[in-house]
Amino acid sequence: MFNLPKLTALYFFRFKKGAKEMEMLKLNGIDEFENLDTTLWGIRQPHLNSDSESYHLSGPLDLVLTPSVAFTLDGKRLGHGKGFYDQFFASHQKMFNKMPFKVGLGLKEQIIDDLPISEFDVLMDIVISP
């Protein structure tokens with residue numbers, strides 16, 4: 001069905017209070033993942049003082065798992081209104097001239113028939129729901 005790449009590195013998002021963009025930082029193993037801090041909004045993420053490698057240094061990402069408030073089956077996404085993921089995808093495209101494979105993850109209750117979108121909204125390649 002889909003030709004997904006072999007996992008060679010795992011990057012995890014980090015938000016900083018007041019920041020306009022999120023960061024994607026490399027996790028160096030399962031221990032680091034299991035010890036992620038709970039920070040803004042109760043979200044687990046790398047510590048704010050972490051010096052983990054940014055994806056900017058490694059090259060383009062192959063796949064991004066993307067949360068949301070709501071999705072449509074044709075890939076439209078409603079986030080929390082800050083545009084963090086849309087800005088991230090636009091920056092990734094500009095930097096590497098390539099988009100990662102974008103996977104929307106949601107519960108069945110989050111799947112709706114339609115959503116309004118703007119020119120800045122980035123569609124998911126696939127939406128996965130139980």
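This text goes with the structure placed above it.
Summarised in this report is the structure supplied together with it. Nothing here was measured: the structure is a model prediction, and the numbers come from that model.

Procedures and definitions
- Residues numbered from 1 in each chain as written.
- Predicted model: local features only at pLDDT ≥ 70, side-chain atom pairs only at ≥ 80, totals over all residues.
- Heavy atoms only, no water.
- Helix = DSSP H or I, 4+ residues; strand = E, 2+ residues; numbered from the N terminus.
- Rg over C-alpha atoms; globule rule 2.2 N^0.38 Å.
- Buried < 20%, exposed > 50% of the residue type's maximum accessible area, 1.4 Å probe, protein only.
- Pairing = 2+ DSSP bridges.
- Phe/Tyr/Trp six-rings, centres within 6.5 Å; stacked < 30°, edge-to-face > 60°.
- Core = buried A, V, L, I, M, F, W, Y, C linked by side-chain atoms within 4.5 Å.
- Contact = heavy atoms within 4.5 Å.
- 1 Å grid on protein atoms, 1.4 Å probe; cavity = no way out; pocket = protein on both sides within 12 Å on 5 of 7 lines; lining within 4 Å.
- Points joined across faces, edges and corners; volume = space filled by probe spheres on them.
- Nonpolar A, V, L, I, M, F, W, Y, C, P; charged D, E, K, R; others polar.

What about the overall build of the chain?
Part 1 of the reasoning: Across its full length, the chain holds three helices and nine strands.
Part 2 of the reasoning: Reading the chain from its N end, one meets helices and strands in the order β-β-α-β-β-α-β-β-β-α-β-β.
Part 3 of the reasoning: Here the C-alpha atoms of the chain give a radius of gyration of 15 Å, agreeing with the 14 Å that 2.2 N^0.38 yields for 130 residues.
Part 4 of the reasoning: If one aligns the C-alpha atoms of the chain with their principal axes, the spans along those axes are about 40 × 35 × 30 Å.
Part 5 of the reasoning: Within the chain, the proportion of its 130 residues that are buried is 33%.

A word on the environment of Glu 109
Part 1 of the reasoning: By the secondary structure assignment, Glu 109 is in the loop between strand S8 (101-105) and strand S9 (126-128).
Part 2 of the reasoning: On the basis of relative accessibility, which here comes to 60%, the residue Glu 109 falls in the exposed class.
Part 3 of the reasoning: Each C-alpha atom, one on Glu 109 and one on Pro 130, is 9.6 Å from the other, the two residues being 21 residues apart in sequence.

Considering the pairing of strand S1 (residues 10-14)
Part 1 of the reasoning: Counting buried residues along S1, four of its five residues qualify, which places the element largely inside the surrounding structure.
Part 2 of the reasoning: Here S1 runs beside strand S2 (residues 23-27); their pairing, made up of five bridges, is antiparallel. Each residue of the ladder has a partner; that of Arg 14, found in S2, is Glu 23.

Digging into the packing of aromatic side chains
The relative placement of two aromatic rings is captured by the distance of their centres and the angle of their planes.
Part 1 of the reasoning: All chains considered together, the criterion is met by eight aromatic pairs.
Part 2 of the reasoning: Judged by centre distance (5.8 Å) and plane angle (75°), the ring pair of Phe 12 and Phe 33 falls under edge-to-face. Note that Phe 12 is positioned in strand S1 and Phe 33 in helix H1 (residues 30-34), a separation of 21 residues in sequence.
Part 3 of the reasoning: Members of the aromatic cluster, connected to one another through ring pairs, are Phe 12, Phe 13, Phe 15, Phe 33 and Phe 84.

Some words on the nonpolar core
Part 1 of the reasoning: Residues Phe 13, Met 22, Met 24, Leu 61, Val 64, Phe 88 and Phe 89 are the most contacted members of the largest nonpolar core, which totals 19 residues.
Part 2 of the reasoning: Of all the secondary-structure elements, those providing two or more residues to this core are S1, S2 and helix H3 (84-96).
Part 3 of the reasoning: The contacts of Leu 61, once residues within four sequence positions are left out, are Tyr 11, Met 24, Tyr 55, Phe 88, His 92, Lys 98 and Pro 100.

Brief notes about the layout of surface pockets
Part 1 of the reasoning: Looking at the second largest pocket, its volume works out to about 500 Å³.
Part 2 of the reasoning: Counting only elements with at least two residues in the lining of the second largest pocket, the list comes to strand S7 (77-78) and H3.
Part 3 of the reasoning: Top element by residues in the lining of the second largest pocket is H3. It accounts for four residues.
Part 4 of the reasoning: Per-class residue counts for the lining of the second largest pocket are twelve nonpolar, six polar and four charged.

Nothing here speaks to function; it is geometry throughout.
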